[in-house]
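If you want the building blocks of each chain, they are given just below.
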Amino acid sequence: MTPRFTREELEAARDRIVPDVVASGLRVLFCGINPGLMTAATGHHFARPGNRFWPVLHRSGFTPRRLDPAEQRELLSFGLGITNVVERATARADELTAEEYLEGGRILEAKTELLRPRWLAVLGVTAYRAAFGDRKAAVGPQERVMGGGTGVWVLPNPSGLNAHWTLATMAEEYARLRAAAEDRPARTATPRRGPGCAGAGVRGRTPSSPGPGRSA
């Protein structure tokens, strides 16, 4: 059950950084836009009620049951992880600047070079376009190859505000990625902890306007 917070408690979580759930050699590294205030307050990704990330993961076959946001580290046992384009928490994704998106794209290049997941799955086509300057990108696999040879797949934003995709159609698209990720076994996953990839050589700002809603 999602904890209840007052408006003041949620506002106090603004600009917090929520640690990634990452490991080396994942099958898929899911990448949200940036943490929402509920995610920042709880420390659990996609914690906002109404966000469809966790049910979609189950319906698409990535997880054998629907996980609770508090169980996020169990994703590592399935070769899955979570990061964000931009680390800082906001109430709305439209509070982020164009520069933050572009910087986030550069940081993702460094993260994939270090962690070498098979696929980076960006949750939201508008966020992907903003982070990588690709105005023609559409949902699905991309031509871009990230550092470490990581493929890129753009998935629908699971926010409940994304009315263009139902739970069923979203699960179908996520299942396409799952099938692609199963073409080759994942490398052995080694958990990494801390904000961003702190301790792993990648932090939010050290490596050398989105659509409706948010992902987290």
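It should be noted that the structure appears before, not after, this text.
A. Structural context of the side chain of S60. In this structure, S60 sits in the loop between α3 (53–59) and β3 (80–84). Residue S60 is classed as buried on the basis of its relative accessible area of 3%. There is a polar contact of 3.1 Å between the side chain of S60 and the backbone oxygen of L57. Excluding its chain neighbours within four sequence positions, the residues that come into contact with S60 are A171, Y174, A175 and R178.

B. Inspection of the pairing of β3 at higher detail. Of all five residues in β3, five are buried, a share of seventy percent or more. Where strand β2 (residues 28–32) meets β3, five bridges bridge the pair, whose relative direction is parallel. Pairing of V28 across the sheet is with L80, part of β3.

C. Geometry of the environment of E99. Checked against the element boundaries, E99 lands in helix α4 (residues 98–115). In this structure E99 comes out as exposed when scored by relative accessible area, which is 57%. It is 8.7 Å that separates the C-alpha atoms of E99 and A131, two residues lying 32 residues apart in sequence.

D. Representation of the pairing of strand β5 (residues 140–145) within the structure. Bridge count between β5 and strand β6 (residues 151–155): three bridges; the pairing is antiparallel. Following the sheet pairing, P141 is matched in β6 by W153. Hairpin connection of β5 to β6: five residues between the antiparallel strands, including G148 at a positive phi of 80 degrees.

E. Focus on the packing of α4 against helix α5 (residues 125–132). Where α4 contacts α5, the two axes come as close as 6 Å, and the packing angle between them is 85 degrees. If you check the angle between α4 and α5, you find them roughly perpendicular. Here α4 contributes Y101, L102, G105 and L108 to the contact with α5, which in turn contributes A127, A130, A131 and F132. Across the contact of α4 with α5, the residue classes break down as seven nonpolar, one polar and no charged.

F. Fine view of the packing of aromatic side chains. If you walk through the whole model with that rule in mind, you get seven aromatic pairs. Residues W119 and W153 carry aromatic rings whose centres are separated by 5.4 Å and whose planes lie at 75 degrees to one another, so their mutual orientation is edge-to-face. Of this pair, W119 sits in strand β4 (residues 119–123) while W153 sits in strand β6, and the two are 34 residues apart along the sequence. The same class applies to W119 as to W153, namely buried. In this structure an aromatic cluster arises from ring pairing among F30, F46, F53, W54, F62 and Y174.

G. How the structure looks around α4. Here α4 contains 18 residues, and its C-alpha end-to-end distance of 26 Å stays within 8% of the 26 Å for a straight helix at 1.5 Å per residue. Taken together, the buried positions of α4 are E100, Y101, E103, G104, G105, I107, L108, K111, T112 and L115.

What counts and how
- Residues numbered from 1 in each chain as written.
- Predicted model: local features only at pLDDT ≥ 70, side-chain atom pairs only at ≥ 80, totals over all residues.
- Heavy atoms only, no water.
- Helix = DSSP H or I, 4+ residues; strand = E, 2+ residues; numbered from the N terminus.
- Buried < 20%, exposed > 50% of the residue type's maximum accessible area, 1.4 Å probe, protein only.
- Polar contact = N/O pair within 3.5 Å; in protein donor to acceptor, adjacent residues only side chain to side chain.
- Contact = heavy atoms within 4.5 Å.
- Pairing = 2+ DSSP bridges.
- Axes fitted to C-alpha atoms, helices over the stretch in contact; angles between N-to-C directions.
- Parallel < 35°, antiparallel > 145°, perpendicular 65-115°, else oblique.
- Nonpolar A, V, L, I, M, F, W, Y, C, P; charged D, E, K, R; others polar.
- Phe/Tyr/Trp six-rings, centres within 6.5 Å; stacked < 30°, edge-to-face > 60°.
- Expected span 1.5 Å × (residues − 1).

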